[in-house]
Structures are given as C-alpha cells and as structure tokens.
Amino acid sequence: MRLLASADIHLGSPIRSAAMRNPELGDRLKQATRNAFIRTVDLAISESVDALVLAGDIFDKDQPDLKTCAFLLAQLTRAADANIPTMLIRGNHDALLDHGAHGDLGPMIHLLHKGSPSVEIRDVWFHGLSFDAAHVSKSFLPDYPAPVQGRKNIGLMHTSLDGSPGHDPYAPCSEKDLMAHGYDLWCLGHIHAPFEHTSDSVLAVMPGIPQPRHFGERTGGTVALVELGDDAPTIERYEVGKLAFAECPLDLNECSDVPEVLRELRTGLQGLQHPEHDTAVRLRVTTGHHTTEELTSLADEVLENIDRVFLDKVKVAPPELKDNSKADDLVRLMREELNEPGFQLASKQALEELRTALPREITDELTEKALDALLEEAINEVTLSLHAGAAE
Amino acid sequence: MRLNRLNLIRYGRFDGAEIVLPRPAEGNPDVTVIYGPNESGKSTAFHGFLELLFGMKAGAHPYAFKFERNDLLVGAELGIPGRGATILRRNGKRTQSLLDDQDRPVEDAILSSALHGLGLDDYVERFSLNDKGLREGGERIAGAKGDLGQLLHAGVSGLTNMADTLREMTARAEQFHKKGGRSTSLKTGKDRLAEIGRAMRVDRLTPERERALRKDRDTAQKAYNDADAALAQARKRQAAGKAAQVWYDRTEDMRETDEALSRFPDGPDLKPGTLEQIAALVTTISEKTSRIEEADGRIARHVEVIAANEADPVAANLAVELAKLDQVKIDGASLTSRADTARSDLEKRTGERDDVVRQMEKAQATLRVPDVPAASLALPTEDLESLANAAQACQTTEAELKAARDVLKTAREQLGDAPPEPQDLSELQVAFGAWQKVADLSLSEQALEAENARLAKAVSGLPTSWPKLIENGLPARETLDDILREWSTLTSDIASASADFETREAEYKAARAKREADEGEPSSIDAAATEETRRLRDAAWQSHRSALSDETANRFEDAMYADDGARTNFLMGTEARQKLANSRALENTTRAVRDTTKAKLEKLIEKRDTLSKRIASNTEALGLSPDAGPASFTERYSTLLTASEIAAEVANAEKAVAALSKRQKEALKDLSVAARLVEIKGEESDLPARVHKALALQDSVRQAWEKWRRGEQGISEYEKAVSQAETKKNAAITRLETLTAALPLPDRTASGIKTALSHLRTLQQLHTEYKSLAGRVEALERAVQTLGQSTTRLAETLQESLDPEDNPLLIIDRARTRVSKAAEADRLRGREEERLAEESQSRKRAIDARDEAQSQLDKLFEGQGGTDLLPMERASLLSKRDGLRAKHSDADKHRNETRDSVDGELFDEELTRLPDATREAELQQELDDAQEARDRARDESFEKDRLYREAYNAADNSDFITEQATILEELRNGARRAAVAQLGVLAARGALKRLAAERRSTMLQDVEEAFVAMTSQDWEKVEVWSQTEGEKLVGVKTDGNAVPVESMSTGTMGQLYFALRLAGYRSFARDPGPLPMILDDILETFDDTRAAAALHLCAEIGRSGQAIIFTHHVHLVELARKSIPGVSIVDMPN
C-alpha cells in the first residue's frame, strides 16, 4: 500500500509575517496554506496512492468558517473521485469540530474517533482517535485498538510524544511504547518540524506542517509518501509549501555609503530567489551605521525589483567592539548605567507598563526575560541613530 | 601621534607631491597652517591622510581619476609614541595595504594602537572640524535645551544630534503607546482587533442557517427552471406558427413563378458564370481583332530603322587601343588627363631633386664626414631623441652629483660634537602621569557631599526605616493607584448603599405596619354572617311562598333587606381582603428590596474589609502609620522612589571617592618605586614635585640629544644621496656610448653630440625629401614614353599620318568620337531588331486568341433557343429564365427548411389554422406571459442565491484572520521597537547624567577659558544653572547679563561649540592621549579679533598635541603668523 501522510495543515490560519503589509502579496500569502493542501491532493492523485492520511489539526480553529469547510470537502471529494479514500483524526486545534455540520462526508472520507476508531481499506486496517477537548494531558495509546492479526495496521495519532521543546504536552506518549504497540506504521501529527523514527520494522512519521506560517516553522513545507510492503515501510518527502522562510545574514559594517549597502542587499537577496517558490526573508544585518528602519526601507526598495522574494523582518546587530576601543564614551556610560538599581527598576517598570498595555497574544514579546536583549538593542539603537545623524 | 610629513605619491591629481609639517622650535606650539587657494587640493590632502590612517575606501574611489584605483598610494612620516618617526604607506589593496618604507606589508595594529582604537568616523568626529560642522554644531547644542550631559557629549565626541535622537526615539515610543493616547499605533491596533473580533462573532454562519438558506435557494432555483421550461415551450409554439406562415406564403410564390416561365425559350439551365463567360468572350474577340491591325503598322516602322543603322568595321580595334591607354595612371589619375602637364612637371621635379642633393652634401661637410653615404647618417627620429636624452642625462647627473657633494660637505661642517645621552625615565613618566590623574580628591568628595545633602532633604519626612522599606521592595505604582481608586469607589458605594438600605428598611417597616393594620380590620371576617342571612332568606321564602299576603310580603321584604345588608357586608369584606392582599404583596416586595439592598451593602462592606487588609499591607510596605489612608500612598511612594534613586547615587559617589582614594595611594606608591629606580628619593609629600622637576630637566636633555641624532641621521642620508648621484651619472655615460658606437662622427662626447644633433636632424629631413623626389621623376619619365607609343598605333588604325609635333590628344579624341558613334548605331539597330521580333510574336498570339474565343462562344450556346439574337441579348434572356427557375426552387427549399426547424406536431396544428390574421398576435401574447413568469422566477432564484452567497462569503473569515495576524505581528514589532526606544532613551539619559558628573568640572573650566578667550573678553564666564528640567549652560557677559545657549547669536553659539570641542580635545589628550586635530577653514566667519583668539586656542592644542589648519585666506595666514609663535606656514604643493 502507498499512502500520502500529512498533518497540521491549519486551514484558515494566516501567515505571520510583516510581508502581509503588502496588500498584493498578502492576498497571495493568505492562500498559501490552501494552495499547499491543493498540491497535496494533486500529489495523491498523480502518484495514485491508495490512501490519504491526515493526522489532526486540519483546521486552525474548532469552528472554521463555511468556506474553509467547503474547501476541505471539495478537495477530499476530488481525491475520492480519483478513488482515493481519506482517513483523518481531529487534533487539539480542531478538537470540537463537527466535520459533518455542513453535509455528509461521503463513503470515502473516514473520521476516526472513539466511537469508530478503525476502518479497513484494501486489506489494511487504519486506527485512530480524535481529540474531543482542546487540551488532553493523558496518553491516548492505551485506548487504541489492538492490531488486527495477519493484516497490516496503521495508526493515526495527534501527540506531542515525549514532549518537544517549545510545545506544551498534548496527549503525550512515549515513543518506545508507541513503537511497541504492534502497528506497522504510525502517521503522527502535532509537531510542526518533520521527522521520522524507525524501530525494527515499525516506522513513525511526523510529516510536519505542509506550509510554514512563520519563521519559526521554516523547516516544514513537505508531506510524506509512505510505501508499506512486505519489508519495512519506506518514506519519501515531497515539497508542497510554496512559501519558504529563509534567513539572510549580511555584514554591512564595511559599507561606506548607501549605494554600497544597496548593492550588498541586492546581491544577498537575489541569492534567495527561487524559480518555484516565494521566499520571506529574515534579514540579519551586522552594521554599526544604519538603523532597523533605514535598512527596512532600503530592503523594501531593493525588493521592488526582485520577484518572489519579500521581507519578513530586519534584525540589526552591531559589530563586535575592538578590545582596545575607548572610542564611544556614551556606550560605555550606558553600559555602566545598566547596572544601576535605579535604572533597573525604572526599566522594568517601563517594560511592564508597555507589556500590560499589549494585547494578550503578544505579551510574551516583552517579558522580563527579554529585558537584557532589549537593552542591548537599545544601546545599539542610540549609537546607530547618533552616528547616522552625524553622517548626514 | 604626530604627522611629520604627508606624501601624496599617486593620489587624486597629485603625482609625487609632499607636504612637510615641520616640528616647532623648542617652546613653540605645534601648529601648521597649510595654505592653498580654492581647488588646490586641500580636501584631497585631508582625505589622503585619513586613508593612510584607516585604509582606502572600498569600491569606486573619488580620487582615482588620474591614477587607477589599484595604483593609488599615499605615505607619511608619523611620530608614534614608543616607535619614534615611522614611515608608512598605504595602497589601494583590500588586504595588507599598509606598507613600511621598504614597501613591506605591516600590521594595521601599529596605527590602531596609536589612534587609541578610534575608527575613521570617530576620528573625523573628534579631531576634525570645518565651517559647516561649526555652524551646525552651534545650532544643535542650542537644541540640547539645558541638558548639560548632551552638551558635554557634543564636546567630547563631536556628535551634536543627541537631543534630536532622543526626541525622535521618545516620539517613536509614544507614537506606539502613550498613556491616555487616542491615536497611538497600539490603541488603533487594539481597536481594530476588537472590531475584527466583534465582526467575526456577528458574521458567523451556523449550519442551521446555512441549511435554511440553501433550501430557499434550491426551491427558488427549481421554480425558475420550471418557468424557463414553460418559456421555451411558448417560444417553440411561436416558432411553429411563424414556420407555418412561411410555408403558406412560399407555396403561393411558387405557383406565380410557374406561370412566368412558360414565356421563355427552352433549353438547359446555363451553368453558373456562363453569362459572365459569354460577355468576356465577346470582348476578347473584339479586342484581338484591333490588336492584329495595330501590330501590322508597327512591324513596318521597325524594318525602316534597322536599315538606317549599319555596323563600323574599325571601331573594335580603336576601342581596344583606347582602353589600354586609359589604364595607364600617373599620380593616381589617368595619363591622358595629365598628358599636357606631365612633360613640364618632369623637368621641374628633376631640378628640385638635384637641389636637395647639394644641400645634403653641404650638411655632411659641416659634420666633417663628406664621404660617408648620406643614408648612414639619416637616423630615425626616435634614435635622434634617444641620443638627445642620453646627452642631456650625462650633463644633468653631473650637476646633481656636484650639488649632493656640496650639501654633504655643509652638513658635516654644521653637525658638531655629540651632547650627553638622556637617561630612560619612561617608567617614571608613566607613574607620574598616573599620579596626576588621581591627585585631586576634592571634586569627588564635593559630589558625595552634594548627594548626601540631597538625600537628607529627600528623606526628611520619612521614617528611619526607609532604607529597609526600599530594600523590601515598594509596591507597584499601578497597584497603589488601583487601591486608591478602588477605596474611593467603595467608600462612595457603601455610603450610597447604606442610605439606600435605610430607605428600603423604612419602606419595609411601613408596609409591614400597614399589613398588620389591614389584618386587624373586623370587616374582613364576614362569611358566616352572609351564610346566615341567606339561610334565613331561603327559609322565609320556602315557608311563605304558597301563601303570600301583605304580611308575608312585608316579612319577605324584611328578609330581603337583611340579605342586602349581608351583601353589603360581603362586598366590604372583599375590598378589605383585596386591600390586605395588596398590603401583604407590598410587604413582600419591600422586604425583598430591603434584603437585596442589605446584601449589597454587606458585600460592599466585605469588599472594604478585604481592601482594608491590602491597604494595611501597603501602608506597612510604605512605612506609613496604620491610620494613614490610601490617599497618602502616592506622595509616600514618590518620596521613597526619589530617596531610592538618590541613595543609589550616594552609594555611587561613595564608591567613586573610595576608588579614587585607593588609586591615589597606589599611584603614589608606584611613583615612589619608579623614582627610586632613577635615584630620586624623598618624603612622599614632596616626591611628586621632585619628580616633576626631574622630568622637566630630562625633557630638555632628551630634546638636545634627539636633535643631534637627527642631524647625524641626516648626514647618512646625504652620503647615500651622493652615492646614488654617482651611480646615475655613470649609467648616463654608458648609455650615450652605446648609442653613438655606430655613428661615424668625429666627436662623440655629450657636448659634441648635442652640437651635431641639429645637423643630424637637418640631414634626416633632406634625405627623406630626396627619396620622395627621385621616385617622382622616375614615374613621370615612364608615363611620357607610354603616351607616345599609344598615339602612333591609333593613327595607324584611323589611317591618318602622325607628325611628332602634333598634340597626341587630338588623335585620341578623334578615335574616341569614332568609337562612340559606332557604339550608338549598334545600340539602335539591336533595339529595333528585338522590338520587331516581339511584335511579330504578339500578332500571332492575338490571331490564335480570337479564333479560340469564337470557338468557346459557339460551344456555350449549344442546345439553347434564340439563335436569331446577338450573343449578349441571347445570353441575357436565358439568364432571366434561369433566375425564375432558381426563385421557384429557393421558395420550395425555404418552406421545407422552415418546417423542418420546428416541432412537427405544433407545425401541423398551426398550418391547419391558416389563413388566420390574429394568430401571430395570440402567440406573441402567450410568449410575453411566459417570459414575464420566467423573469420573476429568475429574479427570485437569483435573490435567494445572492442571499446564500452573501451569507457564505460573509462567513469567510480569512480576511479578518489575516488582518488580525498582520496587526498582531505589526504590534509585536512595534512593541519591541517602542520598548527599545524607551529603554534607549532611559539609558542614554542616565549616561548623559553620568557624563555630566564625570566631566563637568574640568571640562567646564576648559570651556569657559576657551570661550572667554575666543570672544575677546566680551563674555566673562560660562556657568551651569540648575533648573527643573536639568542643568543648563549659560554664558555670562562682562556686564553681568546671563544668556542661555539657545538665546545666543548663531556666531556665538558656533564659538561656544568650538570651545566645547576644544575642551573635549583636552579631555581626550589627557587620557588616552593627543592626536592631530585638523581644522578646515573654520575661522572665515570670525572677525579678525576673534579669529586671532581662536588661533591662540589652536596654539593651545599645539602645546599638548598637533594642530593642522587648512585655509584659503591669505589674511588668516598672516593672522596666524602674528598670533601663534613659531607657526609653520606651508603651501599646498602644485
């Protein structure tokens, strides 16, 4: 059996990038997640797979809008018309979703849950359990059916496994227990960075997010084509996400004037052009002469003439100071100031005041842990602004 | 570091230029004024110096216009502490661009150490100043608006835009978020997020509503489909009716056509195009007949012309001979065209050639080589130039050698004996320098005292435990504000609730009293009496009904009256019961209201109790007495916060005093150790003075020694120069000998060669001229001979006699005329013969065409009647007949096609109705009705579909979600930027405060001195005034009038800025050390008095370091000469 595995599609979730400010580009980007799913179904049809497997978090919310539901149904119907059945489970993001709210799913689309955990397709048994609450802290594994003897068994599970950095535990499950459950293949979901584990003849695949939505998810962008034969399962990955996030480190400290900065930016950004996908660039610049605002403006100017590359964010870092430099009194004095209790109190209060005014979703940007990094940026900013002003 | 010499070796327009900055004489300041008019390259020199220090600019180079970028080279001799005079060069390479005097790469660390780690920008900002910088600096320090820290920063660093930067950063932070701000980015973003949240909730399409809308849409769609089908049926019926009418009309047409055809001749239908073919054939026959007649006439005319132009038998030979003659060229032109002049030219050129030969012989005689072939003496121009250069080089190098020997001799005479060598006191110097820096404790102690005084004032109203309170941590200001706000609200709410409760309690008590009163009313108990009355009435009625009499009637009447009374009583009882029910309901209502009010009051009291505990906790945390209310929190919090800040500053000041004291002791100890090493001893108290004296003495010894050493090094250089001059001279002589080895000249010395050079050049020119003339004479002789031979042959062919004196051109002309006429006759005869052949062919083709056309015409009319008619009339009649036949056929075809295009059954039905004048209108009415019904159904269907789609599209939240994410991302970025800006301003302000504390005393003293000196005593003092917003720099005039910096004139602000920069220079020169200060035409806006004062200050710079002044004003040069003792004036090199 050949099957195409995907998970964490997050239909309806927006791309999180400053590039969305550009309305023309924004229209393209907000379609990126849907387009990746269309390509997934295209791939299933062109490869004539025997099944399409979606291991949870198909939607970004429990109550997606009608259009998004209709879109999913239309795509899965397309697969069904090509005689490809779909097995899916609900993840933590779409735990409460009623997939049949807008009509019957049809005989080729199988939502696996506690009431109906297993289905047989072409002599292979698929088993899966869905989230029915947004957060589940216990393991689902004990509730999974025992493998059907004499047949191949495939499990669908949405889990944080042993816990991954940056992710809360969701239906945690020991990898060892998972591999020992008796199934031949596990199609997993929840962790957005793709990976696979093999133990004896058992394969566990985390397909990863098919379309990264922000810089932190830049390793995603693929789905997994798995072949389950007499031997151990094999896996091949295919790129479906056509919007990549990339980092572009540039040292512009030696650039003496703006034309030279523009030349370096052009060279760096042109190097990220790709004929088949768009690229959102995190520009990490080392310079002692230009502020973030100036570099953002210059990069925007350069990108007007570079197709398919756009700006995600600009991060500016100062060059390392020479050990023997006694040059900048202000920097020295500012650094001394940082150690003053009065300053520390005032800076924490200022940060807290700003933090409490922010919308809940972004308060993590200005926690006290971030204070040291912010102060470093602040000193750099003052120095850059001063020198930039003097150079005018 | 000192710049001794700048070499612009290949840089800009300079090629090997040098600017020497002489060391000042003992006791004079180190100031060099470099004078050059506009465009003389002062900026180029300045940039060259900077690029020597920091490397050449990457990419396109502004000074690479004469030399390629890779060839640019600057050099300098720099006095570097610890290394002495060091020659360095810098080329345009990206790496290893710094070279020593042998062009070997050296590390840039040599320079970066000497520059104390300063980069290019920092050096330019701190150690250079031009007119623009002076003007703008003045305006900007005015913008500092009383911030002493900013002013001192401007002086130390040269960066004057601190105020603008901080304002801009503050504005950026406030643009994102400001308390109470209504149009901040954060507020706008949050408002929009709230709107989006509301919109997403409102627009949500539930599955139930979606199903209802979908059902309505599908029902309307079905009705629309039905109406559309009915309309289609009506259209088919109308089409069938129209088709039946067509059938009927066409059948009538066919009958009329049959009648008309009986009047035309028989025969088959003409084929399509026959009529046109007949017309074309008739035309062809007519045209071809005319053509044959015209051809006969033209053939006769061609025969006549041919006979008149016969061929010439000798023309061919003549043409061959003339062609040969025309090929002969002289000077690029035909010989025949130059025949007249060739002979006279030959004679003239022969004379000229002989004249040149005589001149060459004369030149050779002058050179005393008469028998040598002239060609061996006529040298090429480049050889002559080499010879001249070699001879000149011999003479030049001889003179240079002599001059070098003279210089060496003079230097040896001036050097004299060596003075005593100085002792190495560098360690002592270092130790003494370290002592000087920490010698004065008073300033730090004063600062500590001031901070302690501030602290005492700040804590005067606080309990003694205030440090403990701060150490334990103060509550957040927002928490205190919240508590006060909450307390005020609660107090007010409790008072209001208490009053309300009292009112409600009174209302309840009144209601209860009324209910109790209503219950006590007797009228309320009446049921038994009523029953009794009724029973009596009924009994009376039963016992007396059969025997009614008056008495009985009276009795009955009495009983009835009694019943009425009972009824009245009953009615009264009903009212009382209603009243009682009302009073009970009122009692219940007022009790419930009272209880609610009471519960509210109790809840508020409970909240107050809870809040009181928080208040007590915060009261304790702020060190207030337990009875102090939250109203006193704010003031106490501010006082404690201020105390905390001042205490921190006191601690810092204490640390500074302790650290300075410790350093002072260490420095004195180090000084003592260093002094003992050089045999200086004494008590610690007078040790620094003794060391100072010893160092001063050692300075003069060292200077004398270094001067003698430089002189000795100079002699070595002069000896080297003599040796080099000798080498150059020998090389020049060898070169001359090599060049003259093959020349047959009697005198081959440098002077002999220089004398012979003019004759050799003359000989070279004459020889060239001779070769040209000899060639010319030879060519002319050959041409004259060829012309004679050719004219003889032409005369023979023409059978004419030829006299040698005749002009050969006459024979040639006659031959040409004969050839020309023969050629014209040949041309005419040939042309007529071609035309005759063509015409004969044409005539034959016309006869054939005419016969063919006639044959085809006969064939087209085969089998047709009308033989008595002309061809065109006959064809026209047959064509009309065929037209009628076609019309008949078309009508039949049309009626059949029309019938076949519609429904057969409907067609038959409609045909049976014809003829019928109103049928068409009836069918149209049916169609209109169906159309109208269909349109209504369609509109309804569209509307339902629109409603569904509208709901469907409105349910698409992707735009909202995208916008939500975009706004959050922007706010995330904005928050970070705002935090960075806010923290940056906070840190910078603190840093400026520190700067002010660190530098104020020494720098302000320097500033005042410089400013007073520069303004020619118009200003007396520079003071610092404290004010609410900070400290402020104020100039005080001699009349006592104090003027803040922002109120000064632009010129005075510039001078104050200059004073700040000079003070900054002094500060840097003290630690880490002096660097060359470069001033570019900054004095041009100063009047002479102030310019002289400023130059005095430049001299001050020159006493601790080096000052370099570029100017293009001659009067400033003179002013410098008068104002600065021993100033060096240097002109820009050409």
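This text goes with the structure placed above it.
Residues numbered from 1 in each chain as written. Chains lettered and ligands numbered in written order. Predicted model: local features only at pLDDT ≥ 70, side-chain atom pairs only at ≥ 80, totals over all residues. Heavy atoms only, no water.

Student: I'd like to hear about the overall build of chain B, residue by residue, with values.
Tutor: In terms of regular secondary structure, chain B is built from 30 helices and 15 strands. For a compact globule of 1134 residues, the expected C-alpha radius of gyration is about 32 Å, and chain B comes in at 65 Å, more than 25% above that figure. Expressed as lengths along the three principal axes of its C-alpha atoms, the size of chain B is roughly 210 × 165 × 50 Å. Burial status across chain B gives 39% buried among its 1134 residues. Contacts in chain B between residues far apart in sequence, at least 24 positions, make up 76% of those at least 6 positions apart. Accessible surface, chain B as shown: approximately 63200 Å² in total, 50% of it carbon and sulfur. (Helix = DSSP H or I, 4+ residues; strand = E, 2+ residues; numbered from the N terminus. Rg over C-alpha atoms; globule rule 2.2 N^0.38 Å. Buried < 20%, exposed > 50% of the residue type's maximum accessible area, 1.4 Å probe, protein only. Contact = heavy atoms within 4.5 Å. Areas by Shrake-Rupley, 256 points an atom, 1.4 Å probe, with all protein chains shown as cover.)

Student: I'd love a proper account of the nonpolar core, names of residues and values included.
Tutor: All names here are of chain B. If you look at the biggest cluster of nonpolar residues, it comprises 140 residues, and the most contacted ones within it are Leu8, Ile19, Leu78, Tyr123 and Phe1058. If you tally residues by element for this core, the top one is helix H27 (residues 958-1014), at 24 residues. Ignoring sequence-local partners within four residues, the contact set of Leu8 consists of Phe14, Asp15, Gly16, Ala17, Ile19, Ala45, Gly48, Leu73 and Val74. Judged by nonpolar contacts, the second largest core, of 29 residues, contains Ile615, Ala628, Ile646 and Ala653. (Core = buried A, V, L, I, M, F, W, Y, C linked by side-chain atoms within 4.5 Å.)

Student: Tell me about the packing of helix H14 (residues 426-438) of chain B against helix H20 (residues 633-677) of chain B, residues and numbers included.
Tutor: Residue and element names in this part refer to chain B. Contact geometry for H14 and H20: axes closest at 8 Å, N-to-C directions at 155 degrees. Taken as axis vectors, H14 and H20 run roughly antiparallel relative to one another. Seen along the crossing, H14 lies across H20 with a hand that is left-handed. Across from Glu427, Leu428, Ala431, Phe432, Ala434, Trp435 and Val438 in H14, the residues of H20 making contact are Leu660, Arg663, Gln664, Ala667, Leu668, Asp670, Leu671, Ala674, Ala675 and Leu677. The residue inventory of the contact of H14 with H20, partitioned by class, reads 13 nonpolar, 1 polar and 3 charged. (Axes fitted to C-alpha atoms, helices over the stretch in contact; angles between N-to-C directions. Parallel < 35°, antiparallel > 145°, perpendicular 65-115°, else oblique. Left-handed = near helix turned anticlockwise from the far one by under 90°. Nonpolar A, V, L, I, M, F, W, Y, C, P; charged D, E, K, R; others polar.)

Student: Quick rundown of unusual backbone geometry? Include the residues and the values.
Tutor: Here Leu914(B) and Pro915(B) are connected by a cis peptide whose omega angle stands at -5 degrees. Structurally, Pro915(B) is set in the loop between helix H25 (904-912) and helix H26 (919-954). Located in the positive-phi region is Ala171(A), a residue other than glycine, with phi close to 40 degrees. Mapped onto the secondary structure, Ala171(A) falls in the loop between strand S7 (152-158) and helix H4 (175-179).

Student: Quick rundown of the packing of aromatic side chains? Include the residues and the values.
Tutor: Residues and elements named next belong to chain B. Enumeration according to the criterion identifies 12 aromatic pairs over all chains in this entry. Residues Tyr11 and Tyr63 carry aromatic rings whose centres are separated by 5.3 Å and whose planes lie at 35 degrees to one another, so their mutual orientation is tilted. Here Tyr63 lies in the loop between helix H1 (42-54) and strand S4 (73-80) and Tyr11 lies in strand S1 (residues 2-11), a separation of 52 residues in the sequence. When its relative accessible area of 0% is taken as the criterion, Tyr11 is described as buried. The exposure class of Tyr63 is buried, given its relative accessible area of 14%. Relative to Tyr1065, the ring of Phe127 lies with its centre 5.7 Å away and its plane at 80 degrees, an arrangement referred to as edge-to-face. Remark: Tyr1065 occurs in helix H28 (residues 1050-1070) and Phe127 occurs in helix H3 (residues 120-127); sequence separation between them is 938 residues. Given the relative accessible area of 2%, Tyr1065 is considered buried. (Phe/Tyr/Trp six-rings, centres within 6.5 Å; stacked < 30°, edge-to-face > 60°.)

Student: I'd like a rundown of helix H15 (residues 442-458) of chain B, residues and numbers included.
Tutor: Residues and elements named next belong to chain B. Relative to the 24 Å expected for 17 residues at 1.5 Å per residue, H15 spans 24 Å between its end C-alpha atoms, a close match to the ideal helical length. Ser444, Leu448, Glu451, Leu455 and Ala458 are the residues of H15 that are buried. Taken down its axis, H15 places every buried residue within 85 degrees of arc, on the same side. Along H15, exposed side chains directed more than 90 degrees from the buried face belong to Glu449 and Lys457. In this structure, the buried residues of H15 make contact with helix H16 (466-472) and H20. (Expected span 1.5 Å × (residues − 1). Arc of directions from axis to C-beta.)

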